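Understanding the architecture of this molecule
As a plain string of letters, each chain reads:
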Amino acid sequence: MAESWDGSTDPGSQSDESYHFERLHIEPIYDAFICPLTKQIMHDPVTLENGQTFEREAIEKWFTECRESRRKLVCPLTLKELRSTELNPSLALRNTIEEWNARNEAAKLDMACRSLSLGGAESEILQALMFVQHLCQKSRSNKHVIRNAELIPMIVDMLRSSSRRVRCKALETLRIVAEEDSDNKEILAEGDTVRTIVKFLSHEQSKEREEAVALLFELSKSETLCEKIGSVNGAILILVGMTSSKSENLLTVENADKTLENLAVCESNVRQMAENGRLQPLLTLLLEGPPETKLSMASYLGELVLNNEVKVFVARTVGSSLINNIMISGNIQSREAALKALNQISAFEASARILIEAGILPPLVKDLFTVGMNQLPMRLKEVSATILANLVNSGYDFDSILVGPDHQTLVSEDTVHHLLHLISNTGPAIECKLLNVLVGLTNSYTTVLSVVAAIKSSGATISLVQFIEAPQKELRLASIKLLQNLSPHMGQELADALRGTAGQLGTLIKIISENIGITEEQAAAVGLLADLPERDVGLTRQMLDEGAFQIVISRIVKIRQGETRGSRFVTPYLEGLVRILSRVTFVLADEPDTLMLCREHNLAAVFTDLLQANGLDHVQMVSAIALENLSQQSKNLTKLTEFHLKPSLSAILFPCCHKPPVITGLCRVHQGTCSLKETFCLLEGQGVEKLVALLDHTNEKVVEASLAALSTLLDDGVDIEKGVTVLCEAEGIKPILDVLQENRTENLRRRAVWVVERLLRTEDIAYEVSGDPNVSTALVDAFQHGDYRTRQIAECALKHVDKIPNFSGIFPNKG
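Bear in mind that the values here come from a model prediction, so they are computed numbers and not experimental data. (Residues numbered from 1 in each chain as written. Predicted model: local features only at pLDDT ≥ 70, side-chain atom pairs only at ≥ 80, totals over all residues. Heavy atoms only, no water.)

1. Re the overall build of the chain
- Looking only at helices and strands, the chain has 45 helices and three strands in total.
- At 47 Å, the chain has a C-alpha radius of gyration far larger than the 28 Å of a compact globule built from 815 residues.
- Over its C-alpha atoms, taken along the principal directions, the chain stretches across nearly 165 × 70 × 55 Å.
- The proportion of buried residues among the 815 residues of the chain is 51%.
- Look at the contacts in the chain between residues 6 or more apart in sequence, and 66% of them connect residues 24 or more apart.
- Seen as two clouds, the 82 positive and the 107 negative side-chain charges of the chain have centres 1 Å apart. (Helix = DSSP H or I, 4+ residues; strand = E, 2+ residues; numbered from the N terminus. Rg over C-alpha atoms; globule rule 2.2 N^0.38 Å. Buried < 20%, exposed > 50% of the residue type's maximum accessible area, 1.4 Å probe, protein only. Contact = heavy atoms within 4.5 Å. Lys, Arg positive; Asp, Glu negative; His and termini not counted. Charge placed at Lys NZ, Arg CZ, Asp CG, Glu CD.)

This is the structure we're talking about:
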């Protein structure tokens, strides 16, 4: 059989196919069949007056060339002049050629069937497939011949061949067979042929992918096959991926894209495309489809999980339509679909801003606040509240957007009152969303004060605090986050509410104590307690009774020892813990139990260690403030010896003969027995050195707190001269003078001037400083531009360095 096909050419070559098929004949070719001009078998033979026969198209072309070149009309074969150009059809010859062709094609068709059905050699199969292509391309009517010969299933079977060349040729042949023939496409829709073709899309060989995509594009012109292609698992996903591929050739990408365009005729395919990142067909139907299709697409959009970039694209494309054509004017089903879609889109800052600019806020607020016959079902109000919570977290300026008929904004008193009313009269789910709306509004410096004022005027503080005990975790978290945002602005009101009943405070402490890592809820609870007034003795007393401070100390130690780590909330959590713990240092004089707590847990050492929490400015600042408070108590807590307390009788009677005993181990500054744990003395535990190290900190608040703590060594009631000595030994004099000269803030200058004046009372230091023009200039500047008290102290300091005469006596009290 191999010899019956002309083997003179390479069967795998595709460049010589036409030549190959012209020579591939079962019966011999008669010379009369061949046109002398084209050397090809004639299809429409015509005869000249001299009896010579040619292909009509070829001889007509010859006559045209003769006329154009103004040559005589001659026979191209005999070169004799012709008197007429009349062409007589050779019907008998044409019929003979057609019969000969039909016999040849029938024989070759039979050979192709046998080659494909018997699984012949690769060369035979390739020749058979090439013949099928040739036959189909020769005439569209031949495609029914291929179909009637039942060749299509045989070609499909070749897709499973072990030969890559056969598989590629089979894909190509099926495309040619299916072109513009719906009956052949229907045959390809049967069985799992489409699934087999789709498998080639992920094949390693790019040639097979190219042929498979081209075939699918042709098949996708049939609506029946569109549904079939879309039903193959992964087909649309792969096609979508190919449209954005950088490695495929342009024709393959184009065919994949056109295939998807055709597949979009089925809504189920449109949904798949949207799910796999190709949203444009869905959005087009949502904008241009009939009402029921718009509803269907909007509903499905609400179910999709969109990445942030896609949310922005969707908001720009259909945001206005969802708001104006569906959400506002639609029936309840349409509004539900629109709200769910808008809920998806609004969950990203950039897309939320687009929706705000498209006018979503007024109808959204109206839906939330409307009661009576036209009100939304509660499940949809929950969606509306979720969207509103998403919008307010976008950072937009809500103070400038009108949402009501009387020029109300989201932060107008009436609007906030409505929100608070809904929070108190709906279920946990919508309460949680509305609380998150208030959380978003109180996150912004531009709107928080308006919300605070509305909450105060509504008397809702107690109600909001009660949500701390909510059993639903999300609701509890939202309420704590809101109260944390409110606490810097209405801390005393919140402290009073928490003091009123033990339940909420106990719940907050329980949340903090949960040993589950560090959660957002724990960080928020700590932040709320940290912002409450630190000098509220009643609240501190209640926290002592609840055991809050022991829990806080334990958590701080675990974090510092590395036992608790890895959470993104660890920094705010630690900062809040340190601020809560520092509360006890503000009420030492009023609450004796706090003194016991500080001693029992050696809090001076804890805060001294926290001074080295590099990168945590707030922790360092609060720790320095706490050490200042503790150090101020040292002079009252130092244990004086008997010699200091009461002189002996002999010393009183014979003072000239009695020398005071030499006592060792006493604190130089406090002149008694000191320790870091019992009297909070900064000289112990390297507290002075660590505070000095913070004087060159980039954060002026850390510097101010550290300087304030160091100033307790120079305060009235201690040995100032010895305090100066301690600072000298800790190499703190120059950093203090540098702080004075930097003059970063008024508070820092006031504190630095006070400390420098105390230092200059030591003659040696005053002598050295008097030669430093920079220090003198800084003191003069403070004297001229500081507040009243700063100018007083600066004048005293200038007198110490002889920059101002000491006879004025205007300010005799140097203390």
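2. Concerning the sheet that holds strand β3 (residues 88-89)
- Reading across the sheet, the three strands line up as β2-β1-β3 and stay open at both edges, with antiparallel pairing between neighbours. Each having just a single partner strand, β2 (53-55) and β3 make up the two edges of the open sheet.
- When strand β1 (residues 45-47) meets β3, the two strands line up antiparallel, connected through two bridges. Looking across to β3, one finds that V46 is bridged to P89.
- The strands touched by helix α2 (residues 56-68) are β1, β2 and β3; relative to β2, the strand with the most contacts, the crossing angle is about 95°. (Pairing = 2+ DSSP bridges. Axes fitted to C-alpha atoms, helices over the stretch in contact; angles between N-to-C directions.)

3. Considerations on the layout of surface pockets
- Here the largest pocket is characterised by a volume of approximately 500 Å³.
- Surrounding the largest pocket, 22 residues form its lining, E534, F586, M621, V622 and I625 being those nearest its centre.
- Tallying contributions element by element places helix α34 (residues 617-632) first for the lining of the largest pocket, with seven residues. (1 Å grid on protein atoms, 1.4 Å probe; cavity = no way out; pocket = protein on both sides within 12 Å on 5 of 7 lines; lining within 4 Å. Points joined across faces, edges and corners; volume = space filled by probe spheres on them.)

4. Focus on the packing of helix α17 (residues 308-328) against helix α20 (residues 361-369)
- Interaxial distance between α17 and α20 falls to 10 Å at its minimum, and their mutual angle equals 35°. Together, I323, M327 and I328 of α17 and P363, L364 and D367 of α20 make up the contact between the two elements.
- Among the residues forming the contact of α17 with α20, the class breakdown is five nonpolar, no polar and one charged. (Nonpolar A, V, L, I, M, F, W, Y, C, P; charged D, E, K, R; others polar.)

5. Here's the deal with α34
- For α34, which comprises 16 residues, the first-to-last C-alpha distance of 23 Å matches the rise-based estimate of 22 Å (1.5 Å per residue) to within 8%.
- With twelve of 16 residues buried, α34 is to be regarded as a mostly interior element.
- Within α34 the residues assigned to the buried category are V619, Q620, M621, V622, S623, A624, A626, L627, E628, N629, L630 and S631. (Expected span 1.5 Å × (residues − 1).)

6. Observations concerning the environment of G506
- Among the structural elements, G506 can be located in helix α27 (residues 502-513).
- Residues G506 and A548 lie 42 residues apart in sequence; the distance between their C-alpha atoms is 8.6 Å.

7. With respect to unusual backbone geometry
- A positive phi is found at L79, a non-glycine position, where the angle reads about 65°.
- For L79, a relative accessible area of 58% gives the class exposed.

8. Here's the deal with empty space enclosed by the protein
- Tallied over the entire structure, the rule returns one cavity of 30 Å³ or more.
- Put simply, the largest cavity is a space of about 30 Å³.
- Taken together, S631, Q632, K635, H670, T712, D715 and V718 make up the full set of residues lining the largest cavity.
- For the lining of the largest cavity, a count of residues per class yields one nonpolar, four polar and two charged.

9. Some remarks on the packing of aromatic side chains
- For the structure on display, the rule yields three aromatic pairs.
- Note on Y30 and F33: the rings are 5.3 Å apart at their centroids and 70° apart in plane angle, and the pair reads as edge-to-face.
- Judged by its relative accessible area of 46%, Y30 falls in the partly exposed class.
- With a relative accessible area of 5%, F33 lands in the buried category.
- An angle of 50° between the planes, with centres 6.1 Å apart, marks the rings of Y396 and F398 as tilted. Judged on exposure class, the residue Y396 and its partner F398 are both buried.
- Through a chain of ring-to-ring contacts, the aromatic side chains of Y30, F33 and W100 assemble into a single cluster.
- Geometry around W62 places R71 over its ring, the cationic atom sitting 5.5 Å from the centre.
- The positively charged end of K221 is found above the aromatic ring belonging to F217, 4.8 Å away from the centroid. (Phe/Tyr/Trp six-rings, centres within 6.5 Å; stacked < 30°, edge-to-face > 60°. Lys NZ or Arg CZ within 6 Å of the ring centre and 35° of its normal.)

10. Some details on the pattern of salt bridges
- Taken as a whole, this structure holds 43 salt bridges when the rule is applied.
- Residues R476 and E521 are paired through a salt bridge, measuring 2.5 Å at the closest nitrogen-oxygen approach. One end of the pair, R476, is in helix α26 (residues 473-500); the other, E521, is in helix α28 (residues 520-531), and 45 residues separate them in sequence. When sorted by exposure, R476 lands in the same class as E521, which is buried.
- Taken together, the shared-partner salt bridges connect R541, D545, E591 and D593 into one network. (Salt bridge = Lys/Arg side-chain N within 4 Å of Asp/Glu carboxyl O.)

11. Structural notes on helix α24 (residues 448-458)
- When we look at burial in α24, the residues that qualify are V448, V451, V452, A454 and I455. All buried residues of α24 lie within an arc of 165° about the axis, which places them on one face of the element.
- Looking at the buried residues of α24, the elements they touch are α22 (413-424), α23 (428-442), α25 (461-466) and α26.
- Directly after α24, the chain includes G459, whose backbone phi takes a positive value near 65°. (Arc of directions from axis to C-beta.)

12. Thoughts on the environment of L422
- Relative to the helices and strands, L422 resides in helix α22.
- Residue class for L422 comes out buried when judged on its relative accessible area of 12%.
- Setting aside its immediate chain neighbours within four residues, L422 contacts L368, F369 and L434.

13. Side note on the nonpolar core
- Formed by 190 residues in total, the largest nonpolar core has its most connected members in L301 and L322.
- If you tally residues by element for this core, the top one is α26, at eleven residues.
- Contacts of L322, omitting those with residues within four sequence positions, involve L286, A298, L301, M327, A338, A341, L342 and I345.
- By size, the runner-up hydrophobic cluster in this structure holds 53 residues, among which are L171, I176, I197 and L201. (Core = buried A, V, L, I, M, F, W, Y, C linked by side-chain atoms within 4.5 Å.)

14. With respect to the environment of P805
- Along the chain, P805 turns up in the segment after α45 (788-800).
- For the pair formed by P805 and E795, sequence separation is ten residues and the distance between their alpha carbons is 9.8 Å.

15. Considerations on the confidence of the model for the chain
- Averaged over the chain, the pLDDT score is 88; the fraction of residues at 70 or greater is 92%.
- Long-range and interchain partners of residues 1-23, a stretch whose pLDDT sits below 50, account for 48 contacts in this model, where long-range means more than four residues apart. (pLDDT = per-residue confidence, 0-100.)

16. Quick word on the side chain of Q504
- Within the secondary structure, Q504 is located in helix α27.
- For Q504, the side chain forms a polar contact with the side chain of E469, separated by 2.9 Å.
- Here Q504 is in contact with V465, Q466, I468, E469 and L498, once residues within four sequence places are set aside. (Polar contact = N/O pair within 3.5 Å; in protein donor to acceptor, adjacent residues only side chain to side chain.)

17. A few points about the packing of helix α7 (residues 164-178) against helix α10 (residues 206-219)
- Here α7 crosses α10 at 20°, and the two axes come no closer than 9 Å. Classified by the interaxial angle, the pair formed by α7 and α10 is roughly parallel. In this structure, the crossing between α7 and α10 has a hand that is left-handed. Across the interface between the two elements, R164, R167, C168, L171, E172, L174, R175 and A178 of α7 pack against K207, E208, E211, A212, A214, L215, E218 and L219 of α10. (Parallel < 35°, antiparallel > 145°, perpendicular 65-115°, else oblique. Left-handed = near helix turned anticlockwise from the far one by under 90°.)

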